[in-house]
Amino acid sequence: RRFACVKPVGFCSVPRLMAMMLVRAVSRCARECAPQCFIAPEQGALRRSVRQLHGQTLGFVGLGKIGSGMVGNLTAAGAQVVAFDPNEEALANTVQAGAVRATSAADVARHAKVVLTAVPNDKVLNTVVEELLPALAERTDGAVHVSCSTVAPATSRALQ
């Protein structure tokens, strides 16, 4: 399903806005299978949204401009994030900002119930998902994959 956004109020940078939307969606996804996003103008909205995750560890694969910004906002708000990217420099910068280093996408799935991906295209997403799915399938706690990747709608639908 698509994210249904409440009327936007105020302005946030794209990574901050996406992080708030994802936290809200992930916290509701497991309960309702109908993710909702939310945009709040006041300070602390992201921190309050992160609390809804009830101490879960988030996994993140893809630490480019959008992914690194989202992970930075999530860790700054107090979320524990396990991250991976094949680009060692991007991974090192994210770890320095407070994330925990994973050795592969499958390693992220082993350490986090909720795994987010932000990758640049369909081919990369399919490669990452092929690695993630077996590790997520091994989990017995209802793991969730949320793709924030720049991909064709058909690719997103194929993941459902």
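Everything numeric here is computed off the predicted structure, so don't read it as measured data. (Residues numbered from 1 in each chain as written. Predicted model: local features only at pLDDT ≥ 70, side-chain atom pairs only at ≥ 80, totals over all residues. Heavy atoms only, no water.)

Enquirer: Could you clarify how one ought to interpret the pairing of strand β6 (residues 114-117) in this entry?
Expert: On a regular strand, one side chain projects to one face of the sheet and the next to the other, so that they alternate. The side-chain alternation of β6 yields two buried faces, one formed by V114 and L116 and the other by V115 and T117. The pairing of strand β3 (residues 57-61) with β6 spans four bridges and is parallel. Residue pairing across strands places G59 opposite V115, the latter belonging to β6. Alignment of β6 against strand β7 (residues 144-147), held across four bridges, turns out to be parallel. Looking across to β7, one finds that L116 is bridged to V146. Handedness of the β6-helix α6 (residues 122-138)-β7 crossover: right-handed. (Buried < 20%, exposed > 50% of the residue type's maximum accessible area, 1.4 Å probe, protein only. Helix = DSSP H or I, 4+ residues; strand = E, 2+ residues; numbered from the N terminus. Pairing = 2+ DSSP bridges. Right-handed = clockwise from strand over helix to strand, strands pointing away.)

Enquirer: Teacher, can you tell me more about the sheet that holds strand β5 (residues 100-101) here?
Expert: Two modes of strand pairing occur in sheets, parallel and antiparallel, and in both the strands are linked by backbone hydrogen bonds. In space, the five strands of this open sheet follow the order β5-β4-β3-β6-β7, with parallel pairing throughout. Strand pairing shows two members of the sheet lacking a second neighbour, β5 and β7, which therefore form its edges. Most of the contacts of helix α3 (residues 65-76) go to β3, to which it runs at about 165°, and overall it touches β3 and β4 (80-84). (Contact = heavy atoms within 4.5 Å. Axes fitted to C-alpha atoms, helices over the stretch in contact; angles between N-to-C directions.)

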